[in-house]
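Commentary on secondary and tertiary structure
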Amino acid sequence: MKGTSGSPVFTWKDKSKLPTLVGIVGANTEDGKGIIWKKEAITALITQLH
């Protein structure tokens, strides 16, 4: 949805446990679908910057 860029994306595989971070919304397409930066890609990018 419009305005969600930068929002965290979570999944709950087991509703009795805490959610798992999947990544962040990087952009949104015109059809309302989000483009998600996966957690692993964000971690790799941060590692390269340091």
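Look a little higher up for the structure.
Described below are features of the structure shown in this document.

**Some words on the sheet that holds strand β2 (residues 20-28)**
Strand order across the open sheet formed by three strands is β1-β2-β3, with antiparallel pairing between neighbours. If you trace the sheet from one side to the other, it starts and ends with β1 (8-11) and β3 (34-38), each paired once. Between one strand axis and the next, the sheet turns through 45 degrees on average, direction left out of account. Where β1 lies against β2, four bridges are found, and the strand directions are antiparallel. Paired with threonine 11 across the two strands is threonine 20, which belongs to β2. The strands touched by helix α1 (residues 39-49) are β2 and β3; relative to β3, the strand with the most contacts, the crossing angle is about 55 degrees.

**A closer look at the environment of alanine 41**
With respect to the element layout, alanine 41 can be found in helix α1. Along the backbone, alanine 41 and leucine 18 are 23 residues apart, and their C-alpha atoms lie at a distance of 22 Å.

Rules of the game
- Residues numbered from 1 in each chain as written.
- Predicted model: local features only at pLDDT ≥ 70, side-chain atom pairs only at ≥ 80, totals over all residues.
- Heavy atoms only, no water.
- Pairing = 2+ DSSP bridges.
- Helix = DSSP H or I, 4+ residues; strand = E, 2+ residues; numbered from the N terminus.
- Axes fitted to C-alpha atoms, helices over the stretch in contact; angles between N-to-C directions.
- Contact = heavy atoms within 4.5 Å.

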